[in-house]
Structures are given as structure tokens and as C-alpha cells.
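Descriptive analysis of the structure
Residues per chain are reported as follows:
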Amino acid sequence: MASVQLERVSKRFGSTHVIDEVSLSIDHGEFVVFVGPSGCGKSTLLRLIAGLESISDGDLMIGGKRVNELSPQERGVGMVFQSYALYPHMSVYENMAFGLKLGKASSESVAERVNETARILQLEALLERKPKALSGGQRQRVAMGRAIAREPDILLFDEPLSNLDASLRVQMRNEIARLHGRLGSTMVYVTHDQVEAMTLADKIVVLNKGHIEQVGSPRTLYERPASKFVASFIGSPSMNFLEGTCRSTDARETRVELKALGEVVLPYGVDSNAVGSPITLGIRPEHLTPVQATGSDAFEVINVEYLGNESCVYVDSDAEAFLTCRVEADTPIARNDTVSLRIDTAQAHLFDEHGQALARAQDSAL
Amino acid sequence: MASVQLERVSKRFGSTHVIDEVSLSIDHGEFVVFVGPSGCGKSTLLRLIAGLESISDGDLMIGGKRVNELSPQERGVGMVFQSYALYPHMSVYENMAFGLKLGKASSESVAERVNETARILQLEALLERKPKALSGGQRQRVAMGRAIAREPDILLFDEPLSNLDASLRVQMRNEIARLHGRLGSTMVYVTHDQVEAMTLADKIVVLNKGHIEQVGSPRTLYERPASKFVASFIGSPSMNFLEGTCRSTDARETRVELKALGEVVLPYGVDSNAVGSPITLGIRPEHLTPVQATGSDAFEVINVEYLGNESCVYVDSDAEAFLTCRVEADTPIARNDTVSLRIDTAQAHLFDEHGQALARAQDSAL
Amino acid sequence: AELTISCGAVGAELTLCKDGVKQWEDKTGHTVNVVSTPNSSTERLSLYQQILNAHSSDIDIMQIDIVWPGMLAPHLLDLNKYLPKSATEGVFQPLIDSTNVEGRQVAIPWFTDAGVLFYRKDLLEKYDAEVPETWGELTDTADKIQKAERKAGNDDFWGYVFQGRAYEGLTVNALEWLASFNGGTIVDDQGDITVDSPEAAKALTMAHGWVDTISPPGVLNYTEEEARGVFQSGHAVFMRNWPYAWSLAQADSSDIKDKVGVTQLPKGGSDGQHAAGLGGWNLAVSRYSDNPELAADLVAFLTSPEEQKRRALEGAYNPTIASLYKDQEILDATPFFGTLYETFTSAVARPSAVTGDNYPRVSNAFFNTVHEVLSGSVTAKEGLSSLEGELKRIKRRHW
Amino acid sequence: MTVHETTTATAGPKKARQDARGTKVRRRRVRAAWLFLTPMLVVLALVAGWPLLRTIWFSFTDASLSQMGSANFIGVENYLVYDEGWYGLLADPLWWQSVWNTLFFTVISVGLETVLGVIVALVLNAKFRGRMVVRAAMLIPWAIPTIVSAKMWAWMLNDQFGILNHMLMGLGIISAPLAWTADADLSMWAVIIVDVWKATPFVALLVLAALQMLPSDCYEAARVDGISPVRVFFKVTLPLIAPALMVAVIFRALDALRVFDVIYVLTSNASSTMTMSIYARQQLVEFQDVGYGSAASTLLFLIIALFTIVYLYLGRRQLGGDQ
Amino acid sequence: MTLTHLKRAVLKLGFWLMVIALVVYATFPFYYAVVTSLKPSSEMFQVGYWVDSVDWSNYVAVLSQDSFVQSIINSVIVAFSVVAIALLLGLTAAYALGRVRFKGRTRVMMLVLGVSMFPQVAVLSGLFEVIRVLDLYNSPGGLILSYTIFTLPFTVWVLTTFMRQLPDELEEAAIMDGASPWVTLTKVFMPLLWPAMATTGLLAFIAAWNEFLFALTFTLTDSERTVPVAIALISGGSQYELPWGPIMAASVIVTVPLVILVLIFQRRIVSGLTAGAVKG
Ligand SMILES: Nc1ncnc2c1ncn2[C@@H]1O[C@H](COP(=O)(O)OP(=O)(O)OP(=O)(O)O)[C@@H](O)[C@H]1O
Ligand SMILES: Nc1ncnc2c1ncn2[C@@H]1O[C@H](COP(=O)(O)OP(=O)(O)OP(=O)(O)O)[C@@H](O)[C@H]1O
Ligand SMILES: [Mg+2]
Ligand SMILES: [Mg+2]
């Protein structure tokens, strides 16, 4: 049983609090993805679980047993390091076989396993090379191969695909999903890739400055972010935020006066305490549609970015930042056009002054 | 003048041909993005331009002058290394200031420049830290800061944002664009990120196994890929490919018999030589729409991936690989449904047996 | 003018030398630098050779070992040319001979040394034994006392210690054995090799018999100090050593103060002779000296009877001038000088003059052979005959 | 580093090879390298050039210390000559004995020093309280002047009042005192004991430096992979410190092959502990035979050079660089 | 749990036993020297593990000689200069040999090594001549110069080896920053080579500090001599008498500065200097 529990785990480097009372429970066989801004403590958290850093405070349990003091090998984890940490003097083959030989596996089965892993990672042609003679992405794949060849109970991935091209990344992602299915091992995965996070995770953990902002399924996080931070962090391009004031709310609708866009009516009710207080409305780019300008509420288009499958329209909203709209690739809108903006109000989110999401009245569970 | 010309440049490591007669011309002030599969030679090409590797064959000109034999500093280039290559004994500040100081800048202007760069990269709080005490993304930003602080004529970026979270990446991307605008320097940029490539590039160069597959504007590459390779490489998820035969073509339409989907009519003509020969039809996921199954041509849905802003539907096409369709996030389609597929024929691409795109009759320039 | 002299190392020897030099300085008004040199005589020799070979005038006057004149002669001044005949008057003839190379007086003997036998008066008395006259007696007495002492609980007690390490000291020791059996001195005055004789074999066989019976096995690596260590800590009844050990054995801190006697080394047999190996030091002047006359004068001063007497009184250095052994003042200060007069006059010199440059080879071959015989890896007979071959081989290069 | 030199001779058309060899950058870099090398080479040439050439020259003469000026060229007579029987260095059984002694001494003592040095370095590399003091303590044997430490050991190994015999007897390991330095069978071992004691810190310190310079992150990988420390040591640490260890061993071996003072002070220069250096010194200094002694030195040099070349050839992969 | 604790405790105990064993092994002779130096000369020939009564007279005797103190000063000057020269020349040479690939590199390495292949006695008289020609006889300069013959090859080789292990990318980064080889060497490599430099420096220092044969041959007067010679020249009342007490006292005195030096230098022998430099 390879469940992982963190109970008020903290980590300090000197006086810097890097992980701050994090509690989290990961079930056996679960696939958990950590996301968060650069430097928020994701790698540190993985290293704490692996046993590479000592826990300053709190308890870490694996399979129900407190393991704070156990060495990495006793914890039964495998890890893909963000910095690869390859053995510089060993060939790719040896790098991958090194951890395997331990298990007294016969050399044939070692060879078989390594070759199979190399095949999955498309490294077959490079088995004899030293890490120095590999490209960045090849090194990264070796780092991954080393961990997955061992098939440990708990696999920790620290941004394992960041240096791979998109199509290889899709393949690798599928291989990881397949591996997860086959081994049934617990996987903890750090990524900055939205798609990876959304597709692989049973559960996404959003970290911010060493604490957990929200834990939930991909859909929950995307559709019901608990805070402005999570809302802005999940989804790319980010959600647009509009300042305003809550005018009224009842069970079925909420009226919000936005500084930039005037009054909008949202088709759900929120906590009535919010009435009269400043509020932030969040709306994702795909739910903000630019249309031909209709008189008064016209905004200028700052830029249109063509992304192939879609385009992004940046609109000057007079608010702090530009508003981003996601439109079809061959949108007729061009820079310096003036547009009106239409909000898909059902998809809008409301946050209070402190950035917390306002609870929706009779919110159905997702 | 910092234009860059490569003329039949080759690079061999021992007997491995890593770069194979690459010719390319980069104008002064242009922003060129290199993309290509892992290990195709992108970094090597950058290193050749930088002067860190000797050119095995061919000529490299900068500003019209042959520079094969000049040292990096004489070429006036700056580079962000894929592996960062930070000075481990220097603080973040010193890392960024090192090159500036060598450039005999006054200490005030060094401080000013470094602080400004640190601000842009959001590293202000970390200036006193050593690289060892930084997270992966922070290191990467330092590596970038070091190169851009010097403001050289030619800036080479090797996957500079790969370890940053999505929102930071968007910010950094904008900063780079702004920097490019301000400095007017020539920039060569390697990335695996589709969005970066599409939004930043004046010109994208697609590399494959050491040679150039296609050079063109982002829109050209996306909409008129010259080969199946480029078509599959640009865009994520990748384009779907369907095997078939060309039945007939004239100036205005082409009939194609697809193994999996039967006959389709494309609203443009192709080279008439193709008639009767095996052909591949490429269609991007967003142009392949699953609809309620209508009798005969029904396919099974293997998986539906929810990505937040959209979903991917994987359909078992009886062809080699699954077909991928891009649909709205809240699609009603679920795993194991049966669907029919509708092709947006105007957006379909045709490739001959060798993977080359079939020239469209009276193709309007893009 | 300024002179440089190397005499002795640090310690009493150096102090004595400095005092003498000071007197000369006061007398003549010149300045003299005294440089100290390594204690080990090989190191000192190689240092001199370095300097002399470079024809350097860095050292004007050197204190050289009794066996060195042959080797250093080309670099040394013929003092006869600078000094009156009287300078060597009254000096023991063997010493004059050893410093006269091909008619050139390259050095003046300064002080001398000869091997003597130390014994434990108290133990001989206790076990009612005589001071041995022959090696045979010594062996018996040593054996007897050793057995008895060990029985009495003195576990690491030994009968006889000497210098058995393969080094110059062993040459002297073994030469004494050979000479005491009338076995010659390896090479005779004519330069003929005489070592392979039955007497010599007898002497060496006897010595081999001591090792691990009356002498500790470690004696094969003993120099003077190791031997003295054993003797002075009360672990041996007999010791062959130089006279210097006397004052140390008589020091207040010594375990055997007032229990020690000194006598001549035993004879080989009743028809043998008392033979003491000759040691000692001379003063020589470098040919490259800038002030040869002054340097020679300083040498003459330092080797003068007055100065030698002072050294005998203050440091118990044995004079090289026979008459001083009758000087009452000296005899009062060091009573055993009288008993040793005989020893000095009859001392056997090593064949350094005749073998010249090749003396070190000869000595080396000799002590190595002796060492092998002592440690039992060859018999005396075999060893001596192969030594003879070896010496012939060396002689090939003409001495 | 790979800058500008990466085109190797293994493949590629001729033109490319020439091109790479001839590039200006490369040439400039090479010129800079020579510039950097020059001071060192000048100093070495200054101090070593003349003495070494002189030694080699003298080995073909009959020079003797007392008449160095008038040396005659005698060809290889010092090495080997027939004059009613073979004479010369190569015909001297003592020389061969000393060669054998030296090799024996070198192999055993350098072997022990290496093993022990690595162990000590590993201990010193561990983090524990008082590490500073222990490090300093471990260096003491190397810090004591050889002439002193050899005398000290001679004192401690003394058969009568040496503390070693005293201790061994106290522990009941031996019943009678051993004549460490006198006994032909023991004296070589005594010398080895002292040399190992003295030189282990040298190896240890170098290995320690190598250990400190190791890349730290692949050790984390090994820890996570659950690889036993012993295996990590043999498979990761050892290969990574191999270059430094090799250099340490080379210099230790060079010292051991030229060993002099320890033996000179500790044991008599009897044939059982006669080494090549002692032999050479004996000829040069004690026997005044500069010609013959120089021949011995030159031969010693050749033997060492031979061993070094073989060793470097066998270990060339560890040293990296020129494949 | 208890089992792992027990195992850990046993391991810890074993480790400490090992440390103690090594320390005893390394320092016992030195300890014995200290004990001997504190004994009056009368107890010299007795085995003893402790000092019963401390007798400083040997130390007083040694330190009261001006020439001994002077020789310590000389040694310090010589050893520091030797280390400085060796490290400077060694570093530059190591950069060339370790970082630049050129023809003849191996030959240079072998040549450098070849210098240390002759026995010291063999080069002695040649070196003596060189030193006399350069007019450095009987001066620290002569010793400093002659000591490079054994410190330089060693320093060059060790630093070259360590230099090769530094990541290539660092030099490339420096090149991109426009650093000249000299700047790269001093500003980028040197700080990273501290462990190696401290080690070689220490070893070279000790070698220079303890050298005897050259020091004996190339100096003449007490005012120019170094410590080992001074110790060797300590002697008893006569030629054969070895003054153990003062010699041991002197040895202890000259070893103490080295121990202090080690304590200072070894702060530089720290790990993980290159951590965080490169990814992969
Ligand atoms: N020293 C070398 N010897 C042999 N092959 C090498 C060497 N260095 C790189 N290669 C090979 O050259 C190819 C190109 O490497 P390069 O680093 O340019 O790839 P890349 O396009 O940057 O890949 P990535 O996206 O993974 O960083 C790779 O296949 C790599 O294995
Ligand atoms: N040794 C250290 N001393 C002080 N602070 C440190 C140390 N190591 C890491 N940190 C800080 O801890 C924070 C968390 O680092 P961590 O590597 O866990 O970030 P991360 O979430 O993995 O970021 P990234 O996505 O950039 O890799 C960072 O702000 C980093 O600067
Ligand atoms: Mg990280
Ligand atoms: Mg790359």
C-alpha cells in the first residue's frame, strides 16, 4: 500500500519558509499533479516525500507508517529530477539499468526492462551514449527512463516533459498514463503544462508560496476555482478579472456593477453578505466574446495573436490589465478595431475582496 | 547590422551528422523561432551561431561578414543556455552583472541594468541567493537575465521558458517581445511551446534530423505546411492523417477516397499527377467534428479528455492511429459513444506518398 | 678579512669550536663565520663535495673525517706550503699518515677517537668475573652474566652490544675484530687485498656467534646511540663504543653512573693483539679559499697543543698530540685518558689513504659482507671470498 | 570543453578536418594555451632542464666527484661492458636486487596507501562533529618532516626500548621483541609500515578534494533509487574520483619508486632494503662515482617512465582527455 | 522501528570507532613525540605512554636559539612563496592542459611528469650549479626556485585533473559573457577549484616546509636555513649522541603551525561548489 499522507508538513531553509504546514492525503494508486508558480515549493515538496530533504515540522506517512526518519530507499519511491541528475560517467543504458540491478533481477530481465523503457522513450539509438553527448530533451527522457524502469510503488515526477517537443510530449503523456494504469502505483507529478495537468490528474494540488491553495479534480479547479489565485493560475491564457460591486443577489441571480463593462446579471445567487461590497468578476477568455462595436461600450483591440487553432484578442478595458478573448483562428477582428464585449454570464466567477470565491447559492456539486 | 546567414552549414560529432547542410537567412532585427523534435539539432545550431562549436562545413555570416573563425565575443551574441550554465559561486546579482562588468560598464549602470532585468524577471527578492538555493524556474530566469542584461546584437534563446509556469511564461513572453521591440536586436529562439512559437516568431524554422523542413511565417506553417512532418509537428494536438487515394482533381475540387471515411470532396484542386496515386489527407483536430452517429459511418469514442477550455475526443478510426477531435469543454460526447465525423474540407491538407504537400491549384499566397 | 669555517654541528662541539675561533679572532682581528653542518658524516661529506665541486669559496676551513682526505685531496690545500714543519710535530704517526696524500699534507689532525670496551664494573664484581682480555673470555663472561641476570628476572638483558648496522661503524667494528686476530686491515699498505684470510674468517665466525646469543638480534641495526641506549639503561654488560659514551654514562641522570669501566678491546686470542679502530677529525683548507694563508693560520691555531688541551679539558676531546696524554691537568679531568694512551698509539686505521677515492666502495663492500655474515645469510668463508672478488673488481679502477 | 576542437580525426572528409584544425579561433585558443603554459615550462626548464641533461650526459662518462671537470666519454660502459666478465650497472646483481626491492616496496605501499587513503577520505568527507580537528589530525603524519618521522619510527621500532614491541608484547601478540629494522625479513615491512603511515594523508587529502568536487545531485538519484552505499561507492564515486585517484597514485608511485629518506634513516642500507635511489645515491655520493651514479639515476628514470607510461596507458580513460 | 534505530546506532558506533582508530593511528607517533619531548633526558630510554612530570627544558633549549626561530621564519617565507608560485603557474598551465585541446598536450603532460622521475640526488649537483649561476646560493630565492621542481609537476597534474571535471557549459557561458581566458580562469574556475587548490596548496606547502636535501645543500649559514635543516643540525654533546628530547621538541614546534594551517585551509575544502550550475 503506497498511500501518502502529509500532516502539517513544513520545511524551512534557514529562515525561509518554503513549505508551510501542508496537509495532503494521496491515496494508493492515485495520480496527483502539483501545479503552482515558479518557486512555490513543488520540487521541495517532492523532495520531502522522497526523503531527500528532512522535514522541519509535521509528519509524513507512507502506507500509514510514519516515515519522517526513513531513508529514501526505505520509502520505496522513484523520482524524476527536475535537474535530471544523471550519472555523468554511465551510458544511457547503464543509467537506466543501475537502479535495476539492485533488485537482484537477472541481467537478462534487466536488459529487457531497460530496452523496453528505452523503446517507450524513443532512446533505443542512444543507449551507448554518455549524457554529455545528448540533447536536453534526450537527457530528460533518460532521467525519466531511470525512474520508471524501476517501477517503484511511488513515482515522483518533477516536470518530466518540460524539454520535449509537443508531439513527443503527447506520446510520453500517454505512456505515463498507460504506465500508471499498468503498475497501479501512486504518482505525484509536477508540471507547468496545463494539458498534462488536466489530462493526467486524478487530483490537482495548487500550491502557492508554500501552502496549498486548492485540491480538487481538474474539472473542479477549472470550473469552480476556490480563489482568484487558482482561477488565474489554471487555464491559459488566464482568466480576466473585472473590478466591480455587487448590487444585489437572490437565489437565482446576482447583479454586478462592473467598472469597465457596466451592469451584468449572473444567473446564480451568491452569499448575500456580498451585496454592496467590492467584488471581482472572473471570466475566462473563451467566455468573453468580442463582437462588432455597438455604440457606447466600445473598446479598442490592442493586439490579435494568431495561434493556429485559435486566436487571442487583447482588448484595452481601461481596467488594470488587458482583457483577453479567445476566438477562432480566422477571426476578422484586427488590431485597432473597436469591439464590444459579451460575457457568457453563466461561466463568470465572483470573488470577494480577499480573492476568495463567493459561494454560489444551491451550487450543485460537480 | 546583425543579420545572420547560414550557407550549407554542417556539423558532425565524430561520425554523427547532427546538422546537415543547413542554409538559412535571418534579417537584422528578425525574430526567428526554431522548432523541431527532441534531438533534431536546434541547440547545436544555436551553438554554431554563437561560436561555441566549430562549423564542420559551410559558412556562417553575421552582418555580411564570414565569422566561422571569430570567437563568440567578436560575434556580438548573447545566449541563454538550455542547461542554464549559471556560475555556481556567484549570487544571482553577480551572475547577471558578470558579463556587464566585463563589458566595462560603470558600476552604477551595471547595478541599474541588473536591477531592471531582475525586475522584469521577477527575481528582485532573490538577488543575493546562490543558484544552489533557487528553484528550477528561478534558475532558468537567472540564465535568461544574464543574457538579456547585456543587450547584445544577437540574442540566442535555448528553450528559455520551459520550466516556468503558464502565467509567468505569458508574462515573460511579452517581456521578450517588448525587449525585441526596444532593442531591435536579432533574436533566435528555440522552443517547444506552440504558443510561444506562434506569437513571437516573425519566421519559424522547422528542423528535422539536422535539416530544415520548412521556413515560413507562423500562419504559413500552420495553414500551408509543406510536408506531413511539418503538419504533424505544428499544432497540438497534432493533425490527423487519413490514408486514401486521389480519385480526381480539377481546378476547383478534388475527390479523395479515404479508407476510413469514404469519399470526400475538397474545395480546391491539386497537381493532376496525383490522380490515382495513394495520398494522405491531413485534418487538424479542430476541423474534425464528431456528430451524432448517422448510420453507416459510426466510430467508437475511445476517450474524452477534458482540458478546461476545451476537450479532446479520441475516436477509433480503424486507421493506424486514433483520430483526435477538438470540441468544446462541455461536450456531451462521452467515452464509448459512437459518433460520425465531419470534415471541414476547406481546411484539409493533402500529402503525396513521400509526405510532401500537394501543391494547390491557383493557391493564393498567404 | 673574513673566513668561514665549518666545525662540528650544534652542541658542545660547536661551542668549543666557536670559543677557539673567538680567541683567534681576538688575536688577529679577522672575522670568522662558523657554519654548522649536519651531524651525519655522509651528509656532511656530500655537502662539502657539492661546494668543492662548484669551486666555491663559501667555506674556507672544513672539519673532515679521518677517512676523507683521500677523497677530498684534489680540492684541498697542501698545508705544508703554508705552515711551518712544527704544525704537525708530536702528532700520532698514524694520523699524520692518514692526512698525507701523495706527499701533500691536506689536513691537520684535530682530535681523535678509538674504539674501547665499556663494561659493568658492578656486574663483573657481582658474578665474580674478570675484565676480559680476549674475545673468548668476553663471550663466556657475557653469556654467564646474561643467563644469570635473566634468571633474576631481567628479561631483556644482553651480554654484549656493538655497532652492527651496515654502515661505516661496522667497518670499524669488524676491522677491530680482524686486526685483533691478526687478520690485517682488508687492504694492506701496498694496496694488496688481504681480506680473505683464515684469521678474518675466524673473527667473523666468532662475531656471527654473538648475534641472538649474547647480542640482541637488533644489533644488526645498531649504531652508536642504540648500543649506548641499551647499555646505559642497564640492559647489557659489555659495549663497544667510542669514548664519548663515558661522560654520558657517568652523567647524573644515567642509570649506571659509577658502575662503568672502560678498557681496551679484547685480543683475538692469546696470540692476538688489542686493536682499536681509529676515528677522529681533521681540519683542512679548501683550495678555492680566498685567503689561504689566513685559513692555514687558523687551522694551525686550532690544532695547536694549547687549543687541544683546552678542548680536552672542556669537552673531553682526545688530543692528537701524544704529549698531552701525559699532561696531569688532563688526566685529572678525564682519568681514563691515561689508560687509553696505548689504545690510541696502537689504533688501526682504515685503509682509506691507500684506496683513496675507492675507500667508500671498499668499506661498503666490507661492511655489507660482514653484515651478511652476522645475519647468517652467508658463512664467513663464503662471504670473505666473494668480498675478495668484489674488491678486485673495485681495484680494477685502480686505487 | 568542446569549443572549436570538437572535430576529431575519427571521421569526416579531409577538408573538414583541415578546416577545423586550421580555424583561427582554434589557433587563437591554442596560442592562448601555450601562452598560459609558458611560465610553467620556463620555470621547469630553468630548474630541471640543465640538471637532468647533465645527469644523462654524465651517465656516459667516467666522471667522479673529485674530478668532475675531466670526465671522459666512455659510451655505455657504466651500463654494461665486457672486460673479462660482464661489468656495469646491468650486470650488478645488487642493482637488480634494488630494482626488485623498489618495485616490491612501491606496489605494496602504494597499494595500501591508496586503499587506506580512500577510506580515510571517505571518513573525512562524512559530516560529523569535530570533523575539522580530525581532518587536521589525519594530516599530521604527512606534516612531520620525513627525517624526523623516520627517526621517530626508528625510535618506536627499536627492538629494545621501542614502544611498538612493548605494546605488542603487552598485548601478548609476540613473545620476544622483534628486531624490526635489523631483521632482513622484517625491515622491508617496517619501511612499508612507516611509509604507509606517512603517505596515506597525501592520498586521503587528494581524494577528499575529489569527493568534495563530485556532482551532488546524482547521489540524490542513487539514494532514491535505493542503491546501497557500497554499490554507490564502487559504481558512482569511484569512477568519478578515478582521475584524481589516478593522479594521487601516480605521484605516490613516483615518490615510492624514488624512495630514499625513510629507508636511509630507518634501516641500514643492506641489500634487503636497498632501493634504486639508495643505490644511485650510494654511487653518486658515497662512492664518488658520478658517472656510474648518473647511469643508475638515468636507468631509474627510464624504469619509472616506463611504468608511468604503461600505467597512464591503462588508465587513460579515467584521466579523460585524449582518446 | 527499534530495529532501524538499533541498526543506525550500531552504524554510528562503528563509524565513531573507525574515526577514533584512524585518529589514534595517525597521531600516535606524534603524541609519542610530544611525550618524549616533555621527558627529561634521563628517562629517554624508558618506554612510557604518559608524561608523569612535564619538563619544558627541551622546548626552552630549542626556542632559545635565535637561529631556530629564524629558520622557522625562513621556512614560512619559502613555503608560502613556493605555494604561491606553484598555484599560479599550476593554475594557468592546468587551464591550458585541461581545457584546450591541442597537439602535444599529452607530451607536455608527460614532460612535466618526467621532471619528477629523477632521484633527488641525481639532480642535486646540476641544480647546485644552476643556483650558483643565478646567484641564488644561500638565499631563500634558491630554495624557492628549486622547490618548484617537485611542487610544480604535482600541482599542474592535480589542477589539470580537477579542471577537466568542471562542466564545459560554465566556460561557454563565460565566453558568451565576453570573458577572456584569464578572466574565465580567475573569476569562474578558480573559485570552483578551491578544494583542489587548498589541497594542492597544502600538500605543496608541507612538501616545501619539510624538504631537507636541497635546503641543506643550497643554504650555508644559519640565518638562511629552514626548519628541517635546523632540526637535523640539532645535536648532542658529541658526534654520536642523538639529542632526542630537543629534536622531538623542535619537531613538535614546527608541526604545530602546519596543523593550524590545515585548520585554516581546510575550510576551503567544501563540497557542492558546482551545485546548481547546470541542468542535466
Ligand atoms: N557530443 C556529441 N556527440 C554525439 N552526438 C551528439 C553530441 N552532442 C549532441 N549530439 C546529438 O546531436 C543531436 C542534436 O543535439 P541538440 O542538442 O542540438 O538537440 P536539440 O534539438 O537541442 O534537442 P532538444 O530539444 O532535446 O534539446 C542529438 O541527437 C544529440 O544526441
Ligand atoms: N537551499 C535553499 N535555501 C533557501 N531557499 C531555497 C533553497 N532551495 C530552494 N529554496 C527556495 O524555495 C522555494 C521553493 O523551491 P522549489 O524548488 O520547491 O520550487 P518549485 O516550486 O519547484 O519551482 P520551479 O517550478 O521553479 O521548479 C524557492 O523560492 C527557492 O528559492
Ligand atoms: Mg522545481
Ligand atoms: Mg536542445
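Residues numbered from 1 in each chain as written. Chains lettered and ligands numbered in written order. Predicted model: local features only at pLDDT ≥ 70, side-chain atom pairs only at ≥ 80, totals over all residues. Heavy atoms only, no water.

With an unreviewed UniProt entry as reference, chain E is termed Carbohydrate ABC transporter permease, source organism Larsenimonas suaedae. Regarding chain E, the UniProt comment filed under Subcellular location (unreviewed entry) reads as follows: "Cell membrane". Heading Sequence similarities (unreviewed entry) of the UniProt record for chain E holds this comment: "Belongs to the binding-protein-dependent transport system permease family. MalFG subfamily." (UniProt positions renumbered as here; feature names shortened; annotations may be inferred.)

Our focus in this paragraph is unusual backbone geometry. Residues Ser236(A) and Pro237(A) are joined by a peptide bond in cis, for which omega reads -5°. For Pro237(A), the location among the structural elements is in the loop between helix H9 (228-233) and strand S11 (240-249). Notably, Arg8(A) is not glycine yet its phi reads approximately 45°, a positive angle. Within the element layout of this structure, Arg8(A) appears in strand S1 (residues 4-13). A positive phi angle is found at Glu21(B), which is not glycine, with a value near 50°. Position of Glu21(B) among the secondary structure elements: in strand S2 (residues 16-26). Relative accessible area serves as the criterion here: at 44%, Glu21(B) is assigned to the partly exposed category. (Helix = DSSP H or I, 4+ residues; strand = E, 2+ residues; numbered from the N terminus. Buried < 20%, exposed > 50% of the residue type's maximum accessible area, 1.4 Å probe, protein only.)

Considering all chains together, one arrives at 59 aromatic pairs over all chains under this definition. Residues Trp135(C) and Tyr160(C) carry aromatic rings whose centres are separated by 6.1 Å and whose planes lie at 55° to one another, so their mutual orientation is tilted. Here the residue Trp135(C) occupies a position in helix H6 (residues 135-151), and Tyr160(C) occupies one in strand S8 (residues 158-161), the gap between them amounting to 25 residues. Judged by its relative accessible area of 0%, Trp135(C) falls in the buried class. A residue is classified by how much of its surface remains accessible, and Tyr160(C), at 0% relative accessible area, is buried. Taking 6.0 Å as the distance between ring centres and 85° as the angle between the ring planes, the aromatic pair formed by Phe15(E) and Trp16(E) counts as edge-to-face. Phe15(E) sits in the partly exposed class, given a relative accessible area of 24%. Using a relative accessible area of 32% as the deciding quantity, one classes Trp16(E) as partly exposed. (Phe/Tyr/Trp six-rings, centres within 6.5 Å; stacked < 30°, edge-to-face > 60°.)

As a further point, take the coordination of the magnesium ion (ligand 3). All names here are of chain A. Around the magnesium ion (ligand 3), the protein contributes the donor atoms Ser-43 (OG) and Gln-82 (OE1), at 1.8 to 2.1 Å from the metal centre. In this pair, Ser-43 sits in helix H1 (residues 42-50) while Gln-82 sits in the loop between strand S6 (77-80) and helix H3 (92-101), placing the two residues 39 residues apart along the sequence. Accessibility classification places Ser-43 together with Gln-82 in one group, the buried group. (Donors = N, O, S within 2.8 Å, 3.2 Å for Na, K, Ca; no water.)

Below, the discussion takes up the UniProt feature "transmembrane region" (unreviewed entry) in chain E. All names here are of chain E. As annotated by UniProt and renumbered to match this structure, "transmembrane region" (unreviewed entry) occupies residues 13-34, 72-96, 108-131, 143-163, 184-209 and 244-265. Each end of residues 13-34 is marked by a C-alpha atom, and these two atoms are 29 Å apart; helix forms 100% of the span and strand 0%. As annotated, residues 244-265 comprises 100% helix and 0% strand, and the C-alpha atoms at either end are separated by 31 Å.

Turning our eyes to something else, we now look at the site of ligand 1. For ligand 1, the set of nearby residues contains 19 residues, the closest of which are Arg129(A), Ser135(A), Gly137(A), Ser43(B) and Thr44(B). Nearby residues place ligand 1 at the junction of chains A and B. A distance of 2.6 Å separates an oxygen atom of ligand 1 from a polar atom in the backbone of Gly137(A). A distance of 2.4 Å separates an oxygen atom of ligand 1 from a polar side-chain atom of Thr44(B). Its free accessible area being 640 Å², ligand 1 has 87% of it covered by the protein chains. Of all elements in the fold, only helix H5 (136-150) of chain A together with helix H1 (42-50) of chain B reach the threshold of two or more residues within the shell around ligand 1. By residue class, the composition of the shell around ligand 1 is five nonpolar, eleven polar and three charged. (Near = heavy atom within 4 Å. Polar contact = N/O pair within 3.5 Å; in protein donor to acceptor, adjacent residues only side chain to side chain. Areas by Shrake-Rupley, 256 points an atom, 1.4 Å probe, with all protein chains shown as cover. Nonpolar A, V, L, I, M, F, W, Y, C, P; charged D, E, K, R; others polar.)

With 104 residues of chain E in contact, the opposing surface of chain D contributes 96 residues. Considering only the surface of chain E that becomes buried against chain D, Arg101(E), Met117(E) and Phe118(E) emerge as the three largest contributors, covering 8% of it. Where chain E touches chain D, the interface holds two salt bridges. A salt bridge links Glu171(E) to Arg29(D); the shortest N-O distance between them is 3.3 Å. On the surface where chain E and chain D come into contact, there are 14 residue pairs in polar contact (both at pLDDT 80 or more). (Contact = heavy atoms within 4.5 Å. Buried area = accessible area lost by both parts, 1.4 Å probe. Salt bridge = Lys/Arg side-chain N within 4 Å of Asp/Glu carboxyl O.)

Around ligand 2, 19 residues are found, and the nearest of them are Ser43(A), Thr44(A), Arg129(B), Ser135(B) and Gly137(B). This site is not confined to one chain, since residues near ligand 2 come from chains A and B. With respect to ligand 2, the backbone of Lys42(A) contributes an N or O atom lying 2.7 Å from an oxygen atom. At a separation of 3.1 Å, an oxygen atom of ligand 2 approaches a polar side-chain atom of His192(A). With the chains in place, 87% of the 640 Å² that ligand 2 exposes on its own is no longer accessible. When residues of the shell around ligand 2 are traced back to their parent elements, those giving at least two are H1 of chain A together with helix H5 (136-149) of chain B.

All names here are of chain E. Segmenting chain E into domains produces domain 1 (3-43) and domain 2 (65-273). Computed from C-alpha atoms alone, the centre-to-centre distance between domain 1 and domain 2 is 30 Å. In total, about 430 Å² of surface goes out of reach between domain 1 and domain 2, with carbon and sulfur atoms giving 90% of it. Taken together, the connections running from domain 1 to domain 2 amount to zero salt bridges. Classifying every residue of the side of domain 1 that touches domain 2 gives three nonpolar, two polar and no charged. (Domains from an automatic or database assignment.)

The next point concerns helix H3 (residues 92-102) of chain B. The buried fraction of H3(B) amounts to eight of the eleven residues, a majority that puts the element mostly inside the structure. On the buried face of H3(B), the contacting elements are helix H4 (107-120) and H5 of chain B together with helix H8 (181-192) of chain E. Just downstream of H3(B) lies Lys104(B), where phi reads positive at about 60°.

Here the focus is the state of the cysteines. Within the structure shown, the criterion is met by one disulfide over all chains. Put simply, Cys7(C) and Cys17(C) are joined by a disulfide, and their sulfur atoms are 1.8 Å apart. With the S-S dihedral at roughly -85°, the linkage between Cys7(C) and Cys17(C) falls on the left-handed side. Here Cys7(C) is found in the loop between strand S1 (2-6) and helix H1 (12-28), whereas its partner Cys17(C) is found in helix H1, with ten residues between them in sequence. Residue class for Cys7(C) comes out buried when judged on its relative accessible area of 0%. This cysteine, Cys312(A), is not joined by any disulfide, and Cys325(A) carries the nearest cysteine sulfur, 8.7 Å off. A relative accessible area of 1% places Cys312(A) in the buried class. (Disulfide = S-S within 2.5 Å.)

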